[in-house]
Amino acid sequence: MAEFPIIEIKGVDKVFKLQDQTIHALAGANLTIAKGEFVCLIGASGCGKSTLLRIMAGFEQPTAGEALMWGKPIDGPDPTRGMVFQDYALFPWLSVRDNIGFGPASRGLPRSEVNAIADKFVELVGLQKFASAYPHQLSGGMKQRVAIARVLANDAQLVLMDEPFGALDAMTRERLQDELLEIWERTGLTVVFVTHSIEEAIFLAGRVVVMTPGPGRIESDNALDLPRPRDVASPEFNAIRRALGAKLHSHHGKKAAA
């Protein structure tokens, strides 16, 4: 692991006040991520995965503890940390090219430079034929490619993905998993990816971080010594799936018994 990590989460607690309720989403979460890693967060619904991702993005502040990027506190959103959501969050009135070029344009870059950046990332995600199309004319998989390209075009060093393929059909999901890995390998990006799917996590990640049910803690941090490309039917893959599944299900059992 690199000496100076891109992300450090140190003893992070997060408490939300909801009407007369207090929700303890995270408790003493610790996580370090090196530049260029692909890390998946898995855990039951309500375990704080998305909250932790939003703290890394700067959308939420910790109640206690520290969230750092390159050793400096994360005190708000920043283009170097791009977020990709399950629902795409595209601008419906902008074309594919203009959605992708939105960040560079909003930074005041010349139009010729914005167009060059947009075209580069349109090509990276294979949407040249749809550059002038609008979101309502695209499939779910295409919309998610635009969302990923928009983050990359904005000079993101860290891409935070909150179940980005969760709403897609199985075939589209598999194709986008392959495409995401190809983009990650070509660009050297750092990716933190939240998923409910153990199989998806093992297929994509170099490390799989298992979180306990809320209040969320890091239960285990599992480095995957599995060559790429990965075969979901291989004995090695399925041995890891069983081991991670046992860790997740043990928490369900504890919570039910509590």
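Chains are numbered independently. Their residues run from 1 in the order of the written sequence. Given that the model is predicted, a residue must reach a pLDDT of at least 70 before its local features are reported, and side-chain atom pairs must reach 80 or more before they are shown or counted; all residues, however, enter totals for whole chains, interfaces and linings. Working from all heavy atoms in the structure, the side-chain values ignore hydrogens and water.

Here we take up the sheet that holds strand β1 (residues 7-18). On the basis of which strands lie adjacent, the open sheet formed by four strands has the order β2-β1-β4-β5 and antiparallel pairing. Across the chains shown, the open sheet's two edge strands, defined by having one partner strand only, are β2 (21-33) and β5 (72-73). Strand pairing follows a simple DSSP-based rule, namely that at least 2 bridges must link the two strands. Helix numbers and strand numbers start at the N terminus; a helix is a DSSP run of H or I with at least 4 residues, a strand a run of E with at least 2. Here strand β4 (residues 64-69) runs beside β5; their pairing, made up of two bridges, is antiparallel. By the bridge assignment for β5, Met69 is matched with Lys72.

Okay, the sheet that holds strand β7 (residues 158-162) next. Pairing within the open sheet is mixed, and its six strands lie in the order β6-β7-β8-β3-β9-β10. Taken across any chain shown, the strands that pair with only one partner, and hence form the sheet edges, are β6 (81-84) and β10 (218-223). This sheet shows a mean twist of 15° between the axes of neighbouring strands, independent of strand direction. Across five bridges, β7 lies against strand β8 (residues 190-194) in parallel orientation. Looking across to β8, one finds that Met161 is bridged to Phe193. For helices, the fitted axis covers only the stretch in contact; all axes are lines through C-alpha atoms, and the angles between them, taken along N-to-C directions, range from 0 to 180 degrees.

Our focus in this paragraph is the packing of helix α5 (residues 140-153) against helix α6 (residues 170-187). Relative orientation and spacing of two packed helices are given, respectively, by the angle between their axes and the distance between those axes. Where α5 contacts α6, the axes come no closer than 10 Å and their chain directions differ by 20°. If you check the angle between α5 and α6, you find them roughly parallel. At the point where α5 passes α6, the crossing takes the right-handed sense. In contact with Gly141, Gln144, Arg145, Ile148 and Leu152 of α5, α6 contributes Thr172, Arg175, Leu176, Glu179 and Ile183. Residue classes follow a fixed rule: Ala, Val, Leu, Ile, Met, Phe, Trp, Tyr, Cys and Pro count as nonpolar, while Asp, Glu, Lys and Arg count as charged, and any other residue, Gly among them, counts as polar. Looking at the contact of α5 with α6 residue by residue, the classes come out as four nonpolar, three polar and three charged. An angle below 35 degrees is treated as roughly parallel, one above 145 as roughly antiparallel, one from 65 to 115 as roughly perpendicular, and anything else as oblique. For a crossing to be left-handed, the near helix must be turned anticlockwise from the far one by less than a right angle; the clockwise case is right-handed. Note on contacts: a residue pair qualifies if any of its non-hydrogen atoms lie within 4.5 Å across the two residues.

Looking now at the environment of Ile7. Mapped onto the elements, Ile7 comes out in strand β1. In sequence terms Ile7 and Ala167 are 160 residues apart; their C-alpha atoms lie 28 Å from each other. For Ile7, the residues in contact, after removing those within four places along its chain, are Leu31, Thr32, Ile33, Met56, Leu68, Met69, Ile74 and Leu158.

Looking now at the layout of surface pockets. Size it by volume and the largest pocket reaches roughly 350 Å³. Gly82, Met83, Arg150, Val151 and Asn154 are, among the 18 residues lining the largest pocket, the residues nearest its centre. When residues of the lining of the largest pocket are traced back to their parent elements, those giving at least two are β6, α3 (102-106) and α5. Here the residues of the lining of the largest pocket sort into 10 nonpolar, four polar and four charged. We place a 1 Å grid over just the protein atoms. Points where a 1.4 Å probe fits but has no way out form a cavity, open points with protein on both sides within 12 Å along at least 5 of 7 lines form a pocket, and any residue with an atom within 4 Å of a point lines it. Grid points are joined across faces, edges and corners, and a volume is the space filled by probe spheres set on the points.

Attention now moves to the packing of aromatic side chains. Classification of ring pairs uses Phe, Tyr and Trp, with its six-membered ring standing for Trp, and accepts pairs whose centres are within 6.5 Å; under 30 degrees between planes counts as stacked, over 60 as edge-to-face, and the remaining range as tilted. Throughout the structure, instances matching the rule amount to six aromatic pairs. Ring plane angle 40° and centroid distance 5.3 Å describe the contact between Phe91 and Trp93, whose orientation is recorded as tilted. To sort residues, take the accessible area from a 1.4 Å probe on protein chains only and compare it with the maximum for the residue type: under 20% means buried, over 50% means exposed, and anything in between is partly exposed. Judged by its relative accessible area of 22%, Phe91 is partly exposed. Overall, the relative accessible area of 61% leaves Trp93 in the exposed class.

Let's shift gears to the environment of Val96. Mapped onto the secondary structure, Val96 falls in helix α2 (residues 96-100). A C-alpha to C-alpha distance of 22 Å links Val96 and Asp169, two positions 73 residues apart in sequence. Here Val96 is in contact with Val122, Leu127, Phe130, Ala131, Ala133, Leu138 and Val146, once residues within four sequence places are set aside.

Helix span is expected to be 1.5 Å times the residue number reduced by one. Between the first and last C-alpha of helix α4 (residues 111-124) there are 20 Å, a value that for 14 residues agrees with the 20 Å anticipated at 1.5 Å per step. Those residues of α4 not exposed but buried are Val114, Ile117, Ala118, Phe121, Val122 and Leu124. Projection of α4 onto a plane perpendicular to its axis shows the buried side chains occupying an angular sector of 155°, all on one side. In α4, the exposed residues that point more than 90 degrees away from the buried face are Ser112, Lys120 and Glu123. Contact partners of the buried residues in α4: α2, α3, α5 and α6. Directly after α4, the chain includes Gly126, whose backbone phi takes a positive value near 70°. Note that the arc is computed from the directions linking the helix axis to the C-beta atoms.

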